[in-house]
Structure formats: structure tokens, C-alpha cells
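Structural overview
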Amino acid sequence: MKKPKWVVEKEQARKAAASETVWLFGLHAVRDALMNPKRQKLRLIVTRNARDKLAEAIDFAKIEAEMADPRKFTAPIDPGSVHQGAALEVKPLDWGGLAENCIGRENPRVLLLDRVTDPHNVGAILRSAEVLGASAVIGTRHHSAPETGALAKTASGALERQPYLRVRNLADTITELQNMGYLVLGLDGEAGETIETALHDKRTQPVALVLGAEGPGLRQKTKETVDQLVKIDASGGFGSLNVSNAAAIALYASQPR
């Protein structure tokens, strides 16, 4: 019996995901990946100078380094990448599901990204999320930045430690978080209330903050699904924040006092 088309497509997608690999580059990103026991490492290409700087991490990972000439770096990455003589092929990290990352912490905070596709912005958001203790950063499988070398380099190691989940449907995920007891706030510059006032007597509650891409902002479906739209309190009536800066400020503003 011939398999239905949707079954075939699902199997193909699963096989493609299983075979997917990522090339990380830069001394910091490569070192942290080598030191991460949860990261599946496949191939390491380094210059002699980079190998010396990464010697401890290479020994820890028990991986054989392939030597490369600094003038002809052979790793399959963008020639313009600032690789610092180190590139590591890895499998994407599997952080598991929503519940195992978003339940169990005291006063948890979660960031959700609505069509934030720039890997540099997502990398910066992961850094802020790690510093400020977020339980997870959540994007969508489509229309969000996947793990890439550029994202990892901007994250400066946070990609190895900060849960970064990619879900099928953002609105469904928001609803799931609400069912877990989260107060879900969507950031919108036109909102009438600030984060601080919205959380005046709710800071001990689990909070999820949803940020949209610069320009379009949150999608209408996202706005309709969150519990409330809020804005960052600004001193002036003009200007706007980069989404990674907005994420850091919003996450800090939502912290329990």
C-alpha cells in the first residue's frame, strides 16, 4: 500500500533533521562547544595557533583536530567569517520540550520570539537570557533563526548553556504556557501599559515575554493570544530599540523584586 503524501513528507523532514549539521567558528564558540558534553561533535578544523589556544578543550572533547593553513582555511564556512582559525562541525542541540524547560524553577522567566530571523539578534538575546536567568528562549521552526555559526559566535558561548527551543506554532505555545500558569506579555510600542505596571503585584508569577521582529512587530494572532500587550517605559516620545536590547531590558524589568 502506498504511503500518503503527508506521511512521506514527515519522514523526509525527520531524516533531514537527523542529518543536519552546523559549523561553529571562532575561538570562544568552538571552545564552549568542545567543553559541552551534550554537544555531538563531528569534525574540528584548526590552525596551529588556534589548536594551541584550544588545547585543553580539545583534550576534554577527545576529538582529533585537522590542521589547516591560516592562509587557506578549508572549513566550509563563509569566507568572510571571523573564524580565528577554528571551526567545528556539530549536531544541533536537543534541549527537549517545553515542560521540562519551563516548569520547576522559582519565578521563571521565558522569552518568545515572533519572526526574529537575524542570527546576530538571537545570539545577543541568548547572552542576555543566560545572564538574567531565563528558563528558555523560544522561536519557531520556520521564520526564526536556526543554530548557525554566526548565531553561536554572537551568543559568545550562551548557545551551549541557554535552552533555545524552536516550536511549530507560537500561538499554541503561548496557550500551553498560559495553561502552565504563565502570564504572557507581548511587547508593543503602542501598548497603553508598561511592563512594570502590568507586573505590579504579579512578580512572583511565572512570566513569558513575547518580542516581535523589528519593523513588523508582533503578528496579529500573537497579539490576540497573549494575556496583555505592554511597552518598555521610555523617557522620550521617539526612537526605538533593537530587539536584542528590548529583550534584555524587558527581561530585567520583569525580574522579581
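The notes below deal with the structure included here. This structure is a prediction, so every number in the text was calculated from the model and none was measured. (Residues numbered from 1 in each chain as written. Predicted model: local features only at pLDDT ≥ 70, side-chain atom pairs only at ≥ 80, totals over all residues. Heavy atoms only, no water.)

1. Some details on unusual backbone geometry
If you check the backbone angles, Gln84 has positive phi at about 55 degrees while not being a glycine. Relative to the elements of secondary structure, Gln84 occurs in the loop between β3 (65–67) and β4 (86–90). What makes Gln84 partly exposed here is its relative accessible area of 44%. With phi around 65 degrees, Arg115 is a residue other than glycine that occupies positive phi space. Mapped onto the elements of the fold, Arg115 is located in the loop between β5 (109–114) and α6 (119–131). (Helix = DSSP H or I, 4+ residues; strand = E, 2+ residues; numbered from the N terminus. Buried < 20%, exposed > 50% of the residue type's maximum accessible area, 1.4 Å probe, protein only.)

2. Re the pairing of β5
Counting buried positions along β5 yields 6 of 6 residues, so the element is predominantly enclosed. The side-chain alternation of β5 yields two buried faces, one formed by Arg109, Leu111 and Leu113 and the other by Val110, Leu112 and Asp114. Relative to strand β9 (residues 207–212), β5 runs parallel, the two sharing 6 bridges. Paired with Leu113 across the bridge in β9 is Leu211. One crossover worth recording links β5 to the parallel strand β6 (residues 136–140) by way of α6, and it is right-handed. (Pairing = 2+ DSSP bridges. Right-handed = clockwise from strand over helix to strand, strands pointing away.)

3. Re the packing of α6 against helix α11 (residues 243–253)
α11 packs onto α6 with a crossing angle of 15 degrees between their chain directions and a minimal axis gap of 8 Å. Compared by their axis directions, α6 and α11 come out roughly parallel. Note that α6 runs across α11; the crossing there is right-handed. Residues Asn121, Ala124, Ile125, Ser128 and Ala129 of α6 lie in contact with α11, whose contacting residues are Val243, Ser244, Ala247, Ala248 and Leu251. (Axes fitted to C-alpha atoms, helices over the stretch in contact; angles between N-to-C directions. Parallel < 35°, antiparallel > 145°, perpendicular 65-115°, else oblique. Left-handed = near helix turned anticlockwise from the far one by under 90°. Contact = heavy atoms within 4.5 Å.)

4. Regarding the pattern of salt bridges
This structure, assessed with the given rule, holds 9 salt bridges. A salt bridge links Arg39 to Glu147; the shortest N-O distance between them is 2.9 Å. Of the two residues, Arg39 sits in the loop between α2 (27–34) and β2 (41–46) while Glu147 sits in the loop between β6 and α7 (149–155), which places them 108 residues apart along the sequence. Asp188 serves as the salt-bridge partner of Lys223, at 3.3 Å between the closest nitrogen and oxygen. Of this pair, Lys223 sits in helix α10 (residues 220–225) while Asp188 sits in the loop between β8 (183–187) and α9 (195–198), and the two are 35 residues apart along the sequence. Residue Lys223 is classed as partly exposed on the basis of its relative accessible area of 30%. For Asp188, a relative accessible area of 14% translates into the label buried. (Salt bridge = Lys/Arg side-chain N within 4 Å of Asp/Glu carboxyl O.)

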